Amino acid sequence: MNPTDNFIEDQNNNLIKEFKYYIFFWPWFLFSIIFFVLGSLIYLRYSSNLFSSSATLQVKDAKSDPSSFLTQSAGAMFNFNRVKLDNHISQIVSKSNFSKVVDLLDLQTQVYSIGRIKSSLIFDDQIPFKINFVSNKVYNNGITLIIEGSNKTIEFNAKKYNLGDGNFFECEDFNIEIFELPYQNEKIEFLITRKSHVSAVNALASSVLVSAPVEEGDNIDISIKGLNINRNEAIINTLIDVAHNDQLKEKREIY
């Protein structure tokens, strides 16, 4: 037999052995692929969506006439002396501004709609009721609110209360006014959490990023990531309005 033929035969035998070796483990390869694909699908199915919102402010030179601040419209965002952007950023992210935003948007309170698959944070007009807290009590574990349209009852912390002819519920710490009731045989569930004012301000401060895209420029970027895009936009717009009004107030006092 030709030595070349022996070499080729040995090579083929080695390839066959290697193939048989790896084929022996094919169920584990298949199981791993199925496991990771299913894990990814389950994670995407049950995880909450995270939205990113941003806005850009342009810092303008002040007008020569300082009295213009007395008649300036709210449309002009920041019309003050051109100084380092760091000073403007520090003013925007001040704790007093964040505190005002928390109060204006009631960011101490968060309402989640409980679904069969996952819960989602809802905000403003998405909430079919209005809750007013009359005490400073904190509800970190949340208030479970179940509304049944068929008999107009509210189940609050495992106790049922009849709404009667109205859509109003009141207890010692808060009151709730229902705007929309579900269909007759429908039941909807919500989880309401309430933070302390300090916790809400700190949470807002940690979620908002204010920066200058370039060291020497006239733009300031404001961005935030959150579970509700409407809430994100409301926070950014309110923060801009609060910072703008503070600047106008300061300039009017100086003038």
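Right, let's walk through the structure included here. (Residues numbered from 1 in each chain as written. Predicted model: local features only at pLDDT ≥ 70, side-chain atom pairs only at ≥ 80, totals over all residues. Heavy atoms only, no water.)

1. Focus on the nonpolar core
Short version of the rule: In this text, buried Ala, Val, Leu, Ile, Met, Phe, Trp, Tyr and Cys residues form a nonpolar core when linked through side-chain atoms within 4.5 Å. Relative accessibility thresholds used throughout: buried, under 20% of the residue-type maximum; exposed, over 50%; partly exposed, between the two (1.4 Å probe, protein chains only). Numbering goes from the N terminus for both helices and strands, where a helix is a DSSP run of H or I of at least four residues and a strand is a run of E of at least two.
Membership of the largest hydrophobic core comes to 26 residues, with the highest contact counts inside it found for Ile92, Val101, Leu204, Val208, Ile220, Ile222 and Ile235. Contributing elements (two or more residues each) for this core: helix 4 (85-92), helix 5 (95-105), helix 6 (197-207), strand 11 (208-211), strand 12 (219-226) and helix 7 (229-254). The element contributing the most residues to this core is helix 7, with seven residues.

2. Structural notes on unusual backbone geometry
Even without being glycine, Asp106 reaches a positive phi, approximately 50°. Structurally, Asp106 is set in the loop between helix 5 and strand 2 (109-114). Even without being a glycine, Asp124 presents a positive backbone phi close to 55°. Assignment of secondary structure puts Asp124 in the loop between strand 3 (119-122) and strand 4 (129-133).

3. As for the sheet that holds strand 6 (residues 153-156)
For the record, the criterion: A pair of strands is considered paired only if DSSP assigns at least 2 bridges between the two. Inter-axis angles, ranging from 0 to 180 degrees, are taken between N-to-C directions of lines fitted to C-alpha atoms, where helices are fitted over the stretch in contact.
Spatially, six strands are ordered 3-2-10-5-6-7 in an open sheet, and the strand pairing comes out antiparallel. The strands lining the two open edges of the sheet, one partner per strand, are strand 3 and strand 7 (159-162). Here the strands of the sheet are splayed against their neighbours by 30° on average, with no regard to which way each runs. Direction of pairing for strand 2 relative to strand 10 (residues 187-194): antiparallel, over a ladder of six bridges. By the bridge assignment, Thr109 is partnered in strand 10 with Arg194.

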